Amino acid sequence: MQVVYEDNHIIIVNKECGEIVQGDKTGDVPLSETVKAYIKEKYAKPGEVFLGVVHRLDRPVSGLVVFARTSKALARLNDMFRNNEVHKTYWALTQERPKEMEGTLTHWLVRNEKQNKSYAYDREHPHSKKAILQYKVIGASDRYTLIEVNLLTGRHHQIRCQLAKMGCPIKGDLKYGAKRSNPDGSISLLARKIEFIHPVSKKQIVAEAPLPNDNLWKSFNRQ
């Protein structure tokens, strides 16, 4: 676990692919428990450590996750996420290149709970939720394209589903049409950057995740 930012009220960590943010039916140790153990040890905290989960990343995705260390921060962060006051930037690697170098995608997503998958439609459908993202091509190699994504809504598997609908499934994402899996079971989607006003101190917080330790990702490190 890598801590990117921490203070008395919040902690931002870089999640590795394969980690779950919160406990689920697998029984695997979630990132939230790892962070609690880190806080307990670092600050020699007696008793139970408070840690609030305010958002999640899919298990095969890597990148930044924000946790609340106080109930005050948790309540305010929950409101901020709900009101789209937290700006998240993702990087995705795809084999196909979009027809347009940048644009806005608007779809209506229908979530299938049994399949743990979402389906994108061009028009409103029963039980659908509107999903909007902006994308821009920011790099390319012989075989892959690096796409920067800004989420304007937060839907289930939104980036994975919308990029696939555009004809650009994310590398390694078999569920949404990638040709083959990644060796480590990841998909090539990174929660790269997160920006928001601190819920308590009101100062601007900008955190950035390092690129995954992978030669393909590293080849795009031209920043």
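This section reports on the structure supplied with the text.

**Observations concerning the packing of aromatic side chains**
Piece 1. A complete count under the given rule lists zero aromatic pairs for this structure.
Piece 2. Across the ring face of Tyr 43, the terminal group of Arg 69 is positioned such that the distance to the ring centre comes to 4.7 Å.
Piece 3. In this structure, Arg 192 packs its charged tip against the face of Trp 91, placed 4.3 Å from the ring centre.

**Digging into helix H1 (residues 31-42)**
Residues that lie three or four places apart on an α-helix share one face, since the helix turns once every 3.6 residues.
Piece 1. Between its terminal C-alpha atoms H1 stretches 16 Å, which fits the 16 Å expected from twelve residues at 1.5 Å a residue.
Piece 2. Considered for burial, the residues of H1 that qualify are Leu 31, Ser 32, Val 35, Lys 36 and Ile 39. Taken down its axis, H1 places every buried residue within 140° of arc, on the same side.
Piece 3. Elements in contact with the buried residues of H1: strand E2 (10-15), strand E3 (52-53) and strand E4 (62-68).
Piece 4. Of the residues trailing H1, Ala 44 is marked for its positive phi of about 50°.

**What about the pairing of strand E8 (residues 129-140)?**
Piece 1. When strand E6 (residues 102-112) meets E8, the two strands line up antiparallel, connected through eight bridges. Bridge pairing in E8 places Leu 105 opposite Leu 133.
Piece 2. The sheet contact formed by E8 and strand E9 (residues 145-151) spans seven bridges and is antiparallel. What sits directly across from Gln 134, in E9, is Asn 150.
Piece 3. Adjacent in sequence and paired antiparallel, E8 and E9 are bridged by four residues.

**Considerations on the pairing of strand E10 (residues 189-197)**
Along a regular strand, successive side chains alternate from one face of the sheet to the other.
Piece 1. In this structure, E4 lies alongside E10, joined through two bridges in parallel fashion. Residue pairing across strands places Gly 63 opposite Ala 191, the latter belonging to E10.
Piece 2. As paired elements, strand E5 (residues 87-94) and E10 share six bridges and run antiparallel to each other. Bridge pairing in E10 places Lys 88 opposite Ile 194.
Piece 3. Judged from the five bridges that link them, E10 and strand E11 (residues 204-208) form a sheet pairing that is antiparallel.

**Description of the nonpolar core**
Piece 1. Core analysis: the biggest nonpolar cluster contains 28 residues, and Val 35, Phe 67, Tyr 90, Val 149, Ile 159 and Leu 189 have the highest contact counts within it.
Piece 2. Counting residues per element, the ones that place at least two in this core are E2, H1, E4, E5, E8, E9, helix H3 (158-165) and E10.
Piece 3. Excluding residues that lie within four positions of it along the chain, Phe 67 makes contacts with His 9, Ile 10, Ile 11, Val 13, Val 21, Leu 31, Ser 32, Val 35, Leu 51, Gly 52 and Val 53.
Piece 4. Judged by nonpolar contacts, the second largest core, of 27 residues, contains Ala 68, Met 80, Trp 91 and Leu 146.

Rules used in this analysis
- Residue positions are given per chain, counting from 1 as you read along its sequence in written order.
- It should be noted that, the model being predicted, local features are given only for residues of pLDDT at least 70 and side-chain atom pairs only at 80 or more, the latter also being counted only at that level, while totals for whole chains, interfaces and linings use all residues.
- For the side-chain quantities, the full set of heavy atoms in the structure was used; hydrogens and water were omitted.
- Each Phe, Tyr or Trp ring, with Trp reduced to its six-membered ring, pairs with another whose centre is within 6.5 Å; inter-plane angles below 30 degrees give stacked pairs, above 60 give edge-to-face pairs, and intermediate values give tilted ones.
- The criterion for a charge sitting over a ring is simple: Lys NZ or Arg CZ within 6 Å of the ring centre, and within 35 degrees of the ring normal.
- By definition, any uninterrupted DSSP run of H or I lasting at least four residues is a helix, any uninterrupted run of E lasting at least two residues is a strand, and each is numbered from the N terminus.
- Multiply 1.5 Å by the residue count of a helix minus one, and that product is the helix's expected span.
- Each residue gets one of three labels from its accessible area relative to the maximum for its type: buried under 20%, exposed over 50%, partly exposed in between, using a 1.4 Å probe on protein chains only.
- Each C-beta atom gives one direction from the helix axis, and the arc is the one those directions make.
- Whether two residues are in contact is decided by their heavy atoms, any of which lying within 4.5 Å being enough.
- Criterion used throughout: strands pair if DSSP finds at least two bridges between them.
- Take the buried Ala, Val, Leu, Ile, Met, Phe, Trp, Tyr and Cys residues and link them wherever side-chain atoms come within 4.5 Å; each set so joined is a nonpolar core.

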